[in-house]
Amino acid sequence: SSKTFWTTTGMFPQELIIGFPKCVKISKVAIQCYLVRTLRIERSTSKDPVGFEQCIEKDLQHREGQLQMEEFPLPEFQATYLRFIIKSAFDHFVSVHRVMAEGT
């Protein structure tokens, strides 16, 4: 829902994990967030959310008063879980408004 979002508690790093019902192939990940400075995306193919490996880490551009909309085209890989780690921010609190994963 565009009316909901996840917000940090003020200390960094912060993380959120998204789980899929089964292992899926992902070709692109996109995120809409606010005030995120450095973001790392990791994946796990385990049955449980453990054994994560880094996929990408990027410094995002600050957009005053606007959502940051970032797409990460990735070589196709499999994942049961995606972990988003907000390593640093432009302010004390950040928000994540939407996460999208494309694939099969």
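Residues numbered from 1 in each chain as written. Predicted model: local features only at pLDDT ≥ 70, side-chain atom pairs only at ≥ 80, totals over all residues. Heavy atoms only, no water.

## Things to note about the pattern of salt bridges
Where charged atoms from two side chains of opposite charge come close, those side chains can pair. One pass over the structure, following the stated rule, counts 10 salt bridges. Between arginine 83 and glutamate 15 there is a salt bridge; the shortest N-O distance is 3.8 Å. Of the two residues, arginine 83 sits in strand S5 (residues 68–89) while glutamate 15 sits in strand S2 (residues 14–34), which places them 68 residues apart along the sequence. Judged by its relative accessible area of 40%, glutamate 15 falls in the partly exposed class. The shortest N-O distance in the salt bridge between arginine 40 and glutamate 57 comes to 2.9 Å. Linking arginine 40 in strand S3 (residues 36–44) with glutamate 57 in strand S4 (residues 53–59), this pair joins segments that are 17 residues apart in sequence. A cluster of three or more residues bridged by salt bridges with shared partners is formed by Glu15, Arg40, Glu42, Glu57, Arg83 and Lys87. (Salt bridge = Lys/Arg side-chain N within 4 Å of Asp/Glu carboxyl O. Helix = DSSP H or I, 4+ residues; strand = E, 2+ residues; numbered from the N terminus. Buried < 20%, exposed > 50% of the residue type's maximum accessible area, 1.4 Å probe, protein only.)

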